[in-house]
Amino acid sequence: MFGYRVPAPDQAMMISGGRRWRGGAPFRVVVGHGTFVIPFFRKARYLTLAMQEAEVAETCVTRQGISVNVRAVIAFKVGNDDESIVNAGQRFLSDQEQMSTLTGRIFAGHLRSIVGSMTVEEIVTERQKLAVEVLDGSKGEMAKIGLTVDSLQIQSIDDMSSGYIDAMAAPHRAAIQRQAKIAQAQANQASAEAEQESQRKQAEYARQTAVVQAQYKAQVDQAQAESAQVGPLTQAKAQLDVIAAQADLANQQAELRQRQLVAEVIRPAEAEADKVRILAQVALDRMLIDQLPQIVKEAANGLAGANVNVLNGAEGMGELTAGLVAQGLTILDSVKRSLAASPTVRAGADPDSGDGDGDDIRALPGSSGDGEAPR
């Protein structure tokens, strides 16, 4: 529409011409909306409200007399209120680039002033303090020209190759390097331990795998060996069974042969021995019976020369004779028992070979051999 103007969101429109505006301002300020500008009678111009940037690189002398080069960046803009816009418009509307230049100069002066009251150590370690003090010192001057500062950043501090900052940082650098070496050594140790642990686990796994494989192989070998031995073992068992059967048969044959020997040899021999012994006893009985009269006779001859008194006449004589006969029978029984118990009985003697003269009786019990009867 003809004569209707609208400023951009980051612009302030200044309308000049005609009467004075509020507060005695030389122009009217329009922000955020449009308005009619009468051609030929009014003139509209625009002032930027966008954020701007100014850089400062200033050589400053510290309280210790050491020169340092400080670099800083300032973020600023025109204030949002009408007063700030009017102040900035009166100063920068025709040359708005001058706002950055003037801002840099203002901050450079305050930076030199603040740095001069601080030591290098303070500047290096307390950059935020330096920035705050510079901002506080320049706030009043910036407000006069309609500008506000959003931030101030100290980018770098350089001692201009004097080595002061390096010397100041040397202990810290050494400590940091030492800590870095320690950390690296610890990391290396941890890595080595992890590697060793990994190798140990791998070795353990390999050992377990080898053990399992060996066990499997042993089982397979054993199964194969058992399978290979089944035939020979079966054959050997069969041979053992045959040998055992043969042994049993040999034992049975030996027992049978023993029984045959007993029946054929020992029993007939024992029977023959019993026969011989019986015949020898019979012959002995016959011999002793045949010799009994001679024994009694010898006993009587022994009494012939003895001084014997016989009482009761014929009765006493009969008793004496009966005693002699009984004594002879007793001697006969004793001789028989002795001969029967002795293994040296003349079993092989022929019972008919005796001549009846008593030569086969070497010594009779109770006989003295001199013809005397026992007393």
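Since this is a predicted model, take the numbers as computed values, not measurements.

### Details of the overall build of the protein chain
- The helix and strand inventory of the protein chain stands at 6 helices and 8 strands.
- Across the protein chain, helices and strands are ordered from the amino to the carboxyl terminus as β-β-β-β-β-β-β-α-α-α-α-β-α-α.
- Residues counted as buried form 24% of the 375 residues belonging to the protein chain.
- Considering only contacts in the protein chain between residues 6 or more positions apart, those separated by 24 or more positions represent 73%.
- Accessible area for the protein chain stands at about 25100 Å²; split by element, carbon and sulfur atoms hold 54% of it.

### What about the confidence of the model for the protein chain?
- Put simply, the protein chain has an average pLDDT of 79, and 78% of its residues get 70 or more.
- Within the protein chain, strand S7 (residues 67-78) carries the highest mean pLDDT (92), whereas helix H6 (residues 314-341) carries the lowest (66).

### Here's the deal with the sheet that holds strand S3 (residues 27-30)
- Across the sheet, 3 strands lie side by side as S3-S2-S5; this open sheet has antiparallel pairing. Edge strands, defined here as strands with exactly one partner in the open sheet, are S3 and strand S5 (43-48). If you compare each strand with its neighbour and ignore which way they point, the axes differ by 30° on average.
- Pairing of strand S2 (residues 11-16) with S3, which is carried by 4 bridges, proceeds in the antiparallel orientation. Bridging from a neighbouring strand, Ser 16 pairs with Phe 27 of S3.
- Taken strand by strand, helix H1 (residues 82-92) contacts S2, S3 and S5, and its axis lies near 125° from that of S3.

### Overview of helix H4 (residues 127-144)
- Across its 18 residues, H4 extends 27 Å between first and last C-alpha, which sits within 8% of the 26 Å expected from 1.5 Å per residue.
- Roughly 40° is the biggest bend found in H4, and it falls at Ser 138.
- Along H4, the residues that are buried comprise Leu 130, Ala 131, Val 134, Ser 138 and Met 142.
- Residues of H4 that are buried sit in contact with S7, helix H2 (98-116), helix H3 (120-125) and strand S8 (147-158).
- Gly 146, located one to two residues past H4, shows a positive phi value of around 80°.

### Overview of the packing of H2 against H4
- Where H2 meets H4, the closest approach of the two axes is 9 Å, and the angle between their N-to-C directions is 135°. As the angle between them shows, H2 and H4 are arranged oblique. The element H2 and its partner H4 pack so that their crossing is right-handed. When H2 is examined against H4, the residues Thr 103, Ile 106, Phe 107, His 110, Leu 111, Ile 114 and Val 115 are found in contact with a partner set consisting of Leu 130, Glu 133, Val 134, Leu 135, Gly 137, Ser 138, Glu 141 and Met 142.
- Residues that form the contact of H2 with H4 fall into these classes: 9 nonpolar, 4 polar and 2 charged.

### Re the pattern of salt bridges
- Per the counting criterion, the structure on display carries 7 salt bridges.
- Its salt-bridge partner being Glu 204, residue Arg 207 comes within 2.7 Å of it at the nearest N-O pair. With Arg 207 and Glu 204 both in helix H5 (residues 164-304), this residue pair falls 3 residues apart, about one helical turn.
- Judged by relative accessible area, Arg 207 falls into the partly exposed class, the value being 46%.
- Asp 274 serves as the salt-bridge partner of Arg 277, at 2.3 Å between the closest nitrogen and oxygen. With Arg 277 and Asp 274 both in helix H5 and 3 residues apart, this pair spans about one turn of that helix.
- Accessibility expressed as a relative area gives 41% for Arg 277, which makes it partly exposed.

### A few points about the side chain of Thr 35
- Structurally, the position occupied by Thr 35 is in strand S4 (residues 35-36).
- A polar contact of 3.5 Å, which involves the side chain of Thr 35, links it to the side chain of Arg 28.
- Not counting chain neighbours up to four residues away, the residues in contact with Thr 35 comprise Gly 3, Tyr 4, Arg 5, Met 13, Ile 15, Arg 28 and Val 30.

### Remarks on the nonpolar core
- Core analysis: the largest hydrophobic core is formed by 42 residues, its most contacted members being Leu 111 and Leu 130.
- Tallying contributions element by element places H2 first for this core, with 7 residues.
- Aside from chain neighbours lying at most four places away, what touches Leu 130 is Leu 111, Ile 114, Val 115, Met 118, Ile 123 and Ile 154.
- With 5 residues, the next largest nonpolar core counts Met 13, Ile 15, Val 30 and Ala 44 among its residues.

### Considering unusual backbone geometry
- Despite not being glycine, Met 160 has its phi angle at roughly 60°, a positive value.
- Inspection of the secondary structure assignment puts Met 160 in the loop between S8 and H5.
- Given a relative accessible area of 44%, Met 160 falls into the partly exposed group.
- Positive phi, close to 65°, is recorded for Ser 161, a residue that is not glycine.
- You can see Ser 161 is positioned in the loop between S8 and H5.

### Considering the environment of Val 115
- In this fold, Val 115 is placed in helix H2.
- Through-space distance from the C-alpha of Val 115 to that of Leu 130 is 7.5 Å; in sequence the pair is 15 residues apart.
- Setting aside its immediate chain neighbours within four residues, Val 115 contacts Cys 60, Val 61, Thr 62, Arg 63, Val 68, Val 70, Ile 123 and Leu 130.

### Quick word on the sheet that holds S7
- Spatially, the 3 strands line up as an open sheet ordered S6-S7-S8, and their pairing is antiparallel. What marks the edges here is a single partner per strand, and that holds for strand S6 (52-61) and S8. Ignoring which end each strand starts from, the neighbouring axes of this sheet average 20° apart.
- Where S7 and S8 come together, 10 bridges link them in antiparallel fashion. Across the sheet, Lys 77 pairs through a bridge with Thr 148, a residue of S8.
- Along the sheet, H2 makes contact with S6, S7 and S8, crossing S6 at roughly 35°.

Thresholds, definitions, all that
- Residues numbered from 1 in each chain as written.
- Predicted model: local features only at pLDDT ≥ 70, side-chain atom pairs only at ≥ 80, totals over all residues.
- Heavy atoms only, no water.
- Helix = DSSP H or I, 4+ residues; strand = E, 2+ residues; numbered from the N terminus.
- Buried < 20%, exposed > 50% of the residue type's maximum accessible area, 1.4 Å probe, protein only.
- Contact = heavy atoms within 4.5 Å.
- Areas by Shrake-Rupley, 256 points an atom, 1.4 Å probe, with all protein chains shown as cover.
- pLDDT = per-residue confidence, 0-100.
- Pairing = 2+ DSSP bridges.
- Axes fitted to C-alpha atoms, helices over the stretch in contact; angles between N-to-C directions.
- Expected span 1.5 Å × (residues − 1).
- Bend = angle between axes of the 7 residues up to and from the residue.
- Parallel < 35°, antiparallel > 145°, perpendicular 65-115°, else oblique.
- Left-handed = near helix turned anticlockwise from the far one by under 90°.
- Nonpolar A, V, L, I, M, F, W, Y, C, P; charged D, E, K, R; others polar.
- Salt bridge = Lys/Arg side-chain N within 4 Å of Asp/Glu carboxyl O.
- Polar contact = N/O pair within 3.5 Å; in protein donor to acceptor, adjacent residues only side chain to side chain.
- Core = buried A, V, L, I, M, F, W, Y, C linked by side-chain atoms within 4.5 Å.

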